[in-house]
Amino acid sequence: MSNPLLIGKGLPQFDQIKPEHVSPAIDTLLTEGRALIEQLATKQASPSWENFALPLENHSEKLGRSWGPVGHMNAVVNTPELREAYNENLSKLSAYYSDLSQDERLYQKFKQIQNSDDFTSLTATQQKIINNEVRDFKLGGAELPEDKKARYKAISQELSKLCSQFSDNVLDATNDFSHLVTEEAVLSGLPEDAIQAAKAAAKESDQVGWLFTLHFPSYLPVMQYADNQALRETMYRAYSTRASEFGKPELDNTPLIAEILKLRGEEAQLLDFANYAEASLATKMADTPKQVTDFLATLAQRAKPFAEQDMADLKAYAKTLGFDTLNAWDISYVSEKLRQEKYAFSDQEVKQYFPEDKVKSGLFKVVETIFGVQIDLAEAPIWHDNASFYQISNAQGQAVAYFYFDLYARKGKRGGAWMDECITRRKTPQGVELPVAYLTCNFSAPIGDKPALFTHDEVETLFHEFGHGLHHMLTQVDEYSVSGIKGVEWDAVELPSQFMENFCWEWEVLKNMTSHVDTGEPLPRALFDKMLAAKNYQAGMQTVRQIEFSLFDIRLHSEFDPNGSKTTQDVIEQVRKEVAVSIPPTWNRFANSFGHIFSGGYAAGYYSYKWAEVLSADAYSLFEEMGVLSQEAGTRFKTEVLEQGGSRPAMESFVAFRGREPSMDALLRHHGMTDSAM
Ligand SMILES: [Zn+2]
């Protein structure tokens, strides 16, 4: 066997994997998988965990083990050859998984196991996997009679078409608008790089002057910095009416929104849910739309006084700048001015205190202290010189997990930061297979003989991703499909990651993980206090804005009747009346470009941003009570949350850890929204 993607055990051989290995490996494994499915679906008369579910699990693992490194290398050391191999096999894999999830013969067997006498003798984890399978097949329409099944399939196809058209329209409408400035005076206030970019854009389209577009890097600086109010208004108007009836009719998303909501409602009803939100919540931590709306209403009630205060501060400050009224296109501009005046600090200055080694050892120290583990550099084949490999050991010095770090931006590497699974923990007849994680970031590489320096945002990102990594690496689950982050509810996945971010705002932690690159001095306390104040700047306004979007989303998908007399615009206006502190102009068509819920995966799920923040802040508050580096609190978090992975409902894990259901007090306090702060 010479294909490194087919070794099937141990760490990936990154130094040997070549694009030409991909297709033969994936073809082999897919052929094997299809044969296995045929055999299990037709020959297995009395399916059990051992003879049916486990072979499927084993094959998923094998496929993941082979495909994982390909996906990883495609993201971090991309070449045209690898990309071609990746894309070609990606479509084969999606076809395979789609067939697998539609195979009703398999569904029947899973149900047979669920209903068998032996079911209760399975471990709780095995039962959870079987229950998840049955649930997911049902949500895919497996339970429907033939005629309804056909309708379900037609709806799914139509929806995916409409949703992708929605995002195409937003993109086209965004591209369709540009605004040429020909007088230099109009550019007043804009940063030099924004001006240069606008000049280059004009030149590129054979025009003379400065060309502004609705793409964020062009749009945002105008809204934040342009002194010229008319310029801001022009840009704001164009931006907030994208893909609406005010633009090209063929790019208008209004009819698409109505159609998407109608079809989602019909799809949910076919599956016996009262509305789409209920169907969406079937795989989430929140149980009912009412639970979500109550959560949002309570949060709104508590945050609104602070949002009102933020708005009052902003208006008072705006007066000093000569604004008698604050228009929608003035808010970012005045906010930025106020932020500069009250809270500005230089990222460059802060960065000098966060050299890479100090940050990494600070992160490791937190993890080692609270979770009772040890992290050491180790050896493994890697894909690039910048990558490194580490071992995590328990208190007895035994290895429990491994991870790769690949922290610097470079050519051929996808932007952003993420954690990905390399190997998932599970028990096999040969013993326990240890989990391995990829932790990838895009920070600035070292320049010259200076170490890499990270901004505080980057440090926070590193802690965030490491939190996802710990969820994957410290799991003690024995079965593949719910081990680590696998099978964790979608609105609970960010709990460990956002939890870890808190340590970056803890003076006790920061003072020991900072050291000025030239002087070796720790971060000055006064600078830290300024950073903290800046973090909470307009927290009230930002919170109610997120609530506005969340409430709009959940109401559209639960209470709104697309065939009734009200429009979606009525819904958002009602929501704004209830929670917003700044009401945009009536011609604002926010919904028409709200891609998260009309073309992304966030339909009836936008609330999860705030939901996960509440969970993570409340989890962290136990550390505030017991001591920031409390090993007792850490052990509880490790055993009840991190180790459990997807083997039980996230709410159960949370309650086991915290001793009660989540409370939003800690989140509000962390953002300075407590009565004493008023
Ligand atoms: Zn995350």
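In this text the structure is predicted, and so the values were computed from the model without any measurement.

A. The arrangement of the overall build of the protein in detail. A count of helices and strands for the protein gives 26 helices and 9 strands. Its C-alpha atoms give the protein a radius of gyration of 27 Å, near enough to 26 Å, the size a compact globule of 678 residues would have. Projecting the C-alpha coordinates of the protein onto the three principal axes gives extents of approximately 80 × 65 × 55 Å. For the protein, with 678 residues in total, the buried portion stands at 52%. Taking as baseline every contact in the protein between residues at least 6 positions apart, the subset at least 24 positions apart corresponds to 72%. Carbon and sulfur atoms make up 50% of the accessible area of the protein, which amounts to about 30,300 Å² in all. Between the centroid of the 66 positive side chains of the protein and the centroid of its 96 negative side chains there is a distance of 1 Å.

B. Quick look at the packing of helix α23 (residues 608–626) against helix α25 (residues 650–658). Relative to each other, α23 and α25 sit at 15°, their axes nearing to 11 Å. If you check the angle between α23 and α25, you find them roughly parallel. Where α23 crosses over α25, the handedness of that crossing is left-handed. Contact with α23, carried on its side by L615, D618, A619, S621, L622, F623 and E625, involves F654, F657 and R658 of α25 and no other residues of that element. Residues belonging to the contact of α23 with α25 are distributed by class as follows: 6 nonpolar, 1 polar and 3 charged.

C. Here's a closer look at the layout of surface pockets. By volume, the second largest pocket is sized at about 1,200 Å³. Every residue lining the second largest pocket is counted, 37 residues in all, and those nearest its centre are R135, D136, L139, S280 and T283. Residue assignment for the lining of the second largest pocket shows that the elements contributing at least two residues are α5 (124–139), α6 (146–176), α10 (254–270) and α11 (276–281). Sorting elements by how many residues they give to the lining of the second largest pocket places α5 first, with 7 residues. Among the residues making up the lining of the second largest pocket, the classes are represented as 17 nonpolar, 10 polar and 10 charged.

D. A look at the coordination of the zinc ion. All of the protein donors around the zinc ion are H464 (NE2), H468 (NE2), E494 (OE) and E494 (OE); their distances to the metal are 2.1 to 2.8 Å. Around the zinc ion, the 4 donor atoms are arranged such that angles at the metal cover 51 to 141°; this shape is classified as irregular. Here the donor residues of the zinc ion share one chain and are spaced in sequence as H-x3-H-x25-E. Of this pair, H468 sits in helix α16 (residues 456–473) while E494 sits in the loop between α16 and α17 (495–501), and the two are 26 residues apart along the sequence. Classification of H468 as buried rests on a relative accessible area of 9%. A residue is classified by how much of its surface remains accessible, and E494, at 27% relative accessible area, is partly exposed.

E. View of α16. Helix length check: α16 (18 residues) gives 25 Å between terminal C-alpha atoms against 26 Å at 1.5 Å per residue, within 8%. Of all the 18 residues making up α16, 16 are buried; the element is thus mostly covered by neighbouring parts of the structure.

F. Molecular detail of empty space enclosed by the protein. Tallied over the entire structure, the rule returns 1 cavity of 30 Å³ or more. Considered as a void within the structure, the largest cavity measures approximately 100 Å³ in volume. Of all the secondary structure elements, the ones that give two or more residues to the lining of the largest cavity are α17 and α25. No other element matches α25, which puts 3 residues into the lining of the largest cavity. Split into classes, the residues belonging to the lining of the largest cavity amount to 7 nonpolar, 5 polar and 2 charged.

G. Region of the structure containing the sheet that holds strand β9 (residues 436–443). One open sheet holds the 5 strands; their spatial order is β3-β4-β5-β9-β6, and the pairing between them is mixed. Both edges of this open sheet fall to β3 (374–378) and β6 (418–423), since each of them pairs with a single strand only. The sheet shows a mean angle of 30° between the axes of neighbouring strands, taken without regard to direction. Bridge analysis of strand β4 (residues 388–393) against strand β5 (residues 399–408) gives 6 bridges, and the strand direction is antiparallel.

H. Structural context of the packing of aromatic side chains. A full pass over the atoms with the stated rule returns 55 aromatic pairs. Ring plane angle 20° and centroid distance 5.5 Å describe the contact between Y404 and Y438, whose orientation is recorded as stacked. Taken as a pair, Y404 in strand β5 and Y438 in strand β9 lie far apart in primary sequence, 34 residues in all. In terms of burial, Y404 and Y438 fall into one category: buried.

Rules of the game
Counting of residues starts from 1 at the beginning of each chain's written sequence and follows it residue by residue. This being a predicted model, a pLDDT of at least 70 is required before a residue's local features are given, and a value of 80 or more before pairs of side-chain atoms are given or counted; all residues contribute to the totals for chains, interfaces and linings. Heavy atoms from the whole structure form the basis of all side-chain values; hydrogens and water molecules are not counted. Elements are defined by DSSP. Helices are runs of H or I of four residues or more, strands are runs of E of two residues or more, and each kind is numbered from the N terminus. Radius of gyration here uses only the C-alpha atoms, and the compact-globule reference equals 2.2 Å multiplied by the residue count raised to the power 0.38. Throughout this description, buried means an accessible area under 20% of the type-specific maximum (1.4 Å probe, protein chains only), exposed means over 50%, and partly exposed covers the range between. Residue contacts are defined here by distance: any two heavy atoms, one from each residue, within 4.5 Å place the two residues in contact. Reported accessibility uses the Shrake-Rupley method at a 1.4 Å probe radius. Residues are deemed covered only where the shown protein chains occlude them. Residues counted as positive are Lys and Arg, residues counted as negative are Asp and Glu, and His and the chain ends are not counted. A charged residue contributes its charge at one atom only: NZ of Lys, CZ of Arg, CG of Asp or CD of Glu. Only C-alpha atoms enter the line fits that serve as axes; for helices the fit covers just the stretch in contact. Angles between N-to-C directions range over 0 to 180 degrees. Angles below 35 degrees are treated as roughly parallel, those above 145 as roughly antiparallel, those between 65 and 115 as roughly perpendicular, and all remaining angles as oblique. The handedness criterion is simple: a crossing whose near helix is rotated anticlockwise from the far helix by less than a right angle is left-handed, and one whose near helix is rotated clockwise is right-handed. Under the scheme applied here, ten amino acids are nonpolar (Ala, Val, Leu, Ile, Met, Phe, Trp, Tyr, Cys and Pro), four are charged (Asp, Glu, Lys and Arg), and all others, including Gly, are polar. The method works on a 1 Å grid over the protein atoms by themselves. A cavity is a set of points holding a 1.4 Å probe that cannot get out, a pocket is an open set with protein on both sides within 12 Å along at least five of seven lines, and residues with an atom within 4 Å of a point line them. Grid points are joined across faces, edges and corners, and a volume is the space filled by probe spheres set on the points. Water is absent from the atoms considered, so a metal site may look incomplete; donors are defined as N, O and S atoms within 2.8 Å of the metal, or 3.2 Å for Na, K and Ca. Sites are called tetrahedral only when four donors show all angles between 85 and 135 degrees, square planar or octahedral only when four or six donors show opposite pairs over 155 degrees and all other angles between 65 and 115, and irregular in any remaining case. A helix's residues, less one, multiplied by 1.5 Å, set its expected span. Note on pairing: two strands pair once DSSP finds at least 2 bridges between them. Between the rings of Phe, Tyr and Trp (Trp by its six-membered ring), a pair exists once the centres lie within 6.5 Å; its type follows the angle of the planes, with under 30 degrees stacked, over 60 edge-to-face, and the other angles tilted.

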